[in-house]
Amino acid sequence: MILRQPATDPADRRRRDHGFRAPPTAGIPGALVAFAVLAGLDAAVVVAVWPTLARPLWYDEAWRAYHISAYHIGVGTGSFDTLRTANAPLSLGWLAVEKLAVAVGGNTEKILRVPQIISLIALSLVTYTLGRWWLSRPAATIVAGLLTINGGLLVYGMQLKSYLPEATCAVAAVYLWLHARRAADSGGSPWRAQLGMAGCVVMTVTSLFVLVPLLLVDVVDAGRALRAHRLRPARVVGSALVGVVGSLHLALFVLPQSYLTTNPYWRNFFITRDNAVAQLRSAGWELPRDAFTAAMTRPDGQFGSPFTGSPLLTDPDHRLHVCVVAGALLCWTIGVYAAARDRAGRALLVTLGGALLLIAVAAARGQWPIGFVRANLFILPLLYVIAGIGASALISLAWSRIRQACRSRRWWRSVVVIPAAAVLLATAMTATLAVTAVSAQRIRQIRASADSPLLLGDMRELVATGERTARPGDVQIVIPGRWDERQWYKAQQYYVSYYDGYPAPTAPTTPVTEMNTLVLPPLGWAASIPPFLAARPDAGALYLVTYNLVFPDSLRALDSTLAGLGWCPDGSGRRSWPLTGQITRFVRCPLSTAGPAA
């Protein structure tokens, strides 16, 4: 497979030469201008959504912060067990980057989100670089810029989650593979690019969805070369290295994190014999409908997740949405046709098609969700690049037909061709403007929704309230209100044990120890509380932490149970926060009001 170099200007895109000569030096200033434009756009986006980057962690972020903090990378540490209950699989590379950020800047929300900000910048630059294989500088800059302001990537990617690194590594993996093939076919060394590909599969779990189809292309080409006695060992060894590294990372680090496969949260997004047709049909329709416009993916997010109940959950203006969907279908259709005429383009199509196929296979095995869900946002850059190829080809075709018709001596050709070409030109430009308008609208909605209450979003304040009055020997009872109580307790554990962002205390603080903490399910707690308290007769105070999902009747029953055991609420020791819960400080009841001993 021979792959041409990235075009350096529009004339290069039209030339027949598919050699591998380096781009001329004169093109470097143009690339720097494009990078500067994209970096400026990234900075503007970060400023626009800054309120969401500075707020406390909510549940979905806090459990990741807990695992990042609690897990110690090393052999024989015994701490891998902390990852076995991760709500979603974490990659070793992303975990290491987050731990490095914490080691350098401290364990706070802003520092934990710094890798996502860096990934946003890297995503726009790498997408531009990949787009230059087929697009002019202005077109590649527009594609990368539109991807940077995609609503879904900004909603999910700017949280403490790995979605932006996954999208970045997906683009980087494709570019590195193309670069490795170009280097090998021109007699150079592909090793640096292949080492980069190996880094991608360790950095993010989803890189395998992108690289497996490309590695299979390497295998097929190696078989052909072997039969023709033209096999190049360096290419085969490098591809094998990438495959081995990815397989080891998957088998030894990712697959043991099996909590998600047994949790019912994603069950409706797996493929079964009964729903296969409906799931595939739904997934196929969601791509054009949501890829450029959606800010919230399915499932919509549990109660209290960021932006739930805000306009981000709704479709954009109907007219804008129609323009975007029609433009997406047209640009993708033409983009597939245009990309298929070029070997590098065919590799891009194999990547996207293979990734979608692997997602479907994993969904059939109950290991990965199918459809336009946040776990699959990593395919967005590939969809944007293909749409950019289609839009660029459409505009070039329409513009060339208009110029030819203007020079033609046949008047009827101008009458027929110019209006038709103008319609195609207007369609592509209208779709581009519509995507821009929707993305700008989403950014305004993100900023406006930054102050809304979040599920466990005030856990930092709840923990700080308890620590200000806790003393050595105090005890704590935590009732998250869900059967997977230990999963929910991770948010509190993070802020108790690892968080560095509290202000300097005016007096010594002593958090309640794990040994003196009892975490209970929503029901059946009455039998567990008496022996727990009886084993700690010297406790000075008891802190009852109930999350927002504990119903008022249960709270009254808890107060009654504790009163019967000799514990009464401290007069000023109860505080509550919406969607997080409440903390109540109990002290020993006066002898005249204490209940019978248990």
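What counts and what doesn't
- Residues numbered from 1 in each chain as written.
- Predicted model: local features only at pLDDT ≥ 70, side-chain atom pairs only at ≥ 80, totals over all residues.
- Heavy atoms only, no water.
- Core = buried A, V, L, I, M, F, W, Y, C linked by side-chain atoms within 4.5 Å.
- Buried < 20%, exposed > 50% of the residue type's maximum accessible area, 1.4 Å probe, protein only.
- Helix = DSSP H or I, 4+ residues; strand = E, 2+ residues; numbered from the N terminus.
- Contact = heavy atoms within 4.5 Å.
- Salt bridge = Lys/Arg side-chain N within 4 Å of Asp/Glu carboxyl O.
- Phe/Tyr/Trp six-rings, centres within 6.5 Å; stacked < 30°, edge-to-face > 60°.
- Disulfide = S-S within 2.5 Å.
- 1 Å grid on protein atoms, 1.4 Å probe; cavity = no way out; pocket = protein on both sides within 12 Å on 5 of 7 lines; lining within 4 Å.
- Points joined across faces, edges and corners; volume = space filled by probe spheres on them.
- Nonpolar A, V, L, I, M, F, W, Y, C, P; charged D, E, K, R; others polar.
- Pairing = 2+ DSSP bridges.
- Axes fitted to C-alpha atoms, helices over the stretch in contact; angles between N-to-C directions.
- Left-handed = near helix turned anticlockwise from the far one by under 90°.
- Polar contact = N/O pair within 3.5 Å; in protein donor to acceptor, adjacent residues only side chain to side chain.

**What to know about the nonpolar core**
1) Next: Within the largest apolar cluster, 147 residues are counted, with the highest numbers of intra-cluster contacts made by W134, M158, L178, F292, W332 and L380.
2) Next: Counting residues per element, this core draws most heavily on helix 9 (residues 163-185), at 13 residues.
3) Next: Each residue touching W332, except ones within four places of it in the same chain, is listed here: L287, P288, A291, F292, L383, I386 and A387.
4) Next: With 18 residues, the next largest nonpolar core counts W525, F532, A539 and L558 among its residues.

**Topic: the pattern of salt bridges**
1) Next: Taken as a whole, this structure holds 10 salt bridges when the rule is applied.
2) Next: When the shortest N-O distance is used, the salt bridge between R460 and E109 registers 3.0 Å. Note that R460 is positioned in helix 19 (residues 459-469) and E109 in helix 6 (residues 109-131), a separation of 351 residues in sequence.
3) Next: D221 is the salt-bridge partner of R181, the closest N and O atoms lying 2.7 Å from each other. Here D221 lies in helix 11 (residues 207-227) and R181 lies in helix 9, a separation of 40 residues in the sequence. We note that R181, like D221, is buried.

**Brief notes about the packing of aromatic side chains**
1) Next: Taken as a whole and assessed by the stated rule, the structure comprises 15 aromatic pairs.
2) Next: Measuring from centroid to centroid gives 6.2 Å for Y66 and Y498, while their planes differ by 65 degrees, and the two rings are edge-to-face. Here the residue Y66 occupies a position in helix 4 (residues 59-70), and Y498 occupies one in the loop between helix 20 (485-497) and strand 2 (517-519), the gap between them amounting to 432 residues.
3) Next: A centroid spacing of 4.9 Å and a plane angle of 85 degrees characterise the contact between Y499 and Y502, whose relative ring orientation is edge-to-face.
4) Next: According to the relative accessible area criterion, Y499 is buried, its value standing at 9%.
5) Next: A residue is classified by how much of its surface remains accessible, and Y502, at 24% relative accessible area, is partly exposed.
6) Next: Chaining the aromatic ring pairs together yields one cluster made of Y494, Y495, Y499 and Y502.

**Some thoughts on the state of the cysteines**
1) Next: For the structure on display, the rule yields one disulfide.
2) Next: For C568, the disulfide goes to C589, at an S-S distance of 1.9 Å. Around the S-S axis, the bridge from C568 to C589 shows a dihedral of about 105 degrees and counts as right-handed. Here the residue C568 occupies a position in strand 4 (residues 567-577), and C589 occupies one in the segment after strand 5 (581-588), the gap between them amounting to 21 residues. No difference in accessibility class separates C568 from C589, as the two residues are buried.

**Quick notes on empty space enclosed by the protein**
1) Next: Enumeration over the complete set of coordinates arrives at five cavities of 30 Å³ or more.
2) Next: Approximately 110 Å³ is the volume attributed to the largest cavity.
3) Next: In terms of lining, the largest cavity is formed by L462, V463, G466, E467, A470, Q476, Q492, V496, P511, V512, Y543 and I583.
4) Next: Counting residues per element, the lining of the largest cavity draws most heavily on helix 19, at four residues.
5) Next: Residue composition of the lining of the largest cavity, grouped by class: eight nonpolar, three polar and one charged.
6) Next: Considering only enclosed or pocket space, the second largest cavity measures out at about 70 Å³ in volume.
7) Next: Looking at the lining of the second largest cavity, its residues break down into six nonpolar, two polar and three charged.

**Topic: the sheet that holds strand 2**
1) Next: If you trace the five strands from one edge of the open sheet to the other, you get 2-1-3-5-4, paired in mixed fashion. Bordering the open sheet on either side are strand 2 and strand 4, each of which pairs with just one other strand. Ignoring strand direction, the axes of neighbouring strands in this sheet form an average angle of 15 degrees.
2) Next: Pairing geometry for strand 1 (residues 475-479) and strand 2, over three bridges, is parallel.

**A few points about the packing of helix 11 against helix 12 (residues 233-254)**
1) Next: Following both chains from N to C, one finds helix 11 and helix 12 inclined at 145 degrees, their axes separated by 10 Å at the closest point. The hand of the helix 11/helix 12 crossing is left-handed. On helix 12, the residues that touch L208, L211, L215, D218 and A222 of helix 11 are V236, S239, V242, G243, G246 and L250.
2) Next: Residue composition of the contact of helix 11 with helix 12, by class: seven nonpolar, three polar and one charged.

**A few points about the pairing of strand 4**
1) Next: Examined bridge by bridge, strand 4 and strand 5 share seven bridges and lie antiparallel to one another. If you follow R574 over to strand 5, its bridge partner there is T584.
2) Next: Between strand 4 and the antiparallel strand that follows it, strand 5, lie three residues; L579 among them carries a positive phi value of about 65 degrees.

**Things to note about the environment of Y384**
1) Next: As for its placement among the helices and strands, Y384 is situated in helix 17 (residues 380-407).
2) Next: Considering only alpha carbons, one finds Y384 and G131, 253 residues apart in sequence, at a separation of 9.4 Å.

**Some points on the side chain of N150**
1) Next: Along the polypeptide, N150 turns up in the loop between helix 7 (137-148) and helix 8 (151-157).
2) Next: A residue is classified by how much of its surface remains accessible, and N150, at 0% relative accessible area, is buried.
3) Next: Side-chain polar atoms of N150 contact the backbone nitrogen of L153, separated by 3.1 Å.
4) Next: Within the structure, the side chain of N150 is placed 2.9 Å from the side chain of Y384, a separation counted as a polar contact.
5) Next: Discounting chain neighbours no more than four positions away, the residues touching N150 are A291, F292, L380, Y384 and S439.

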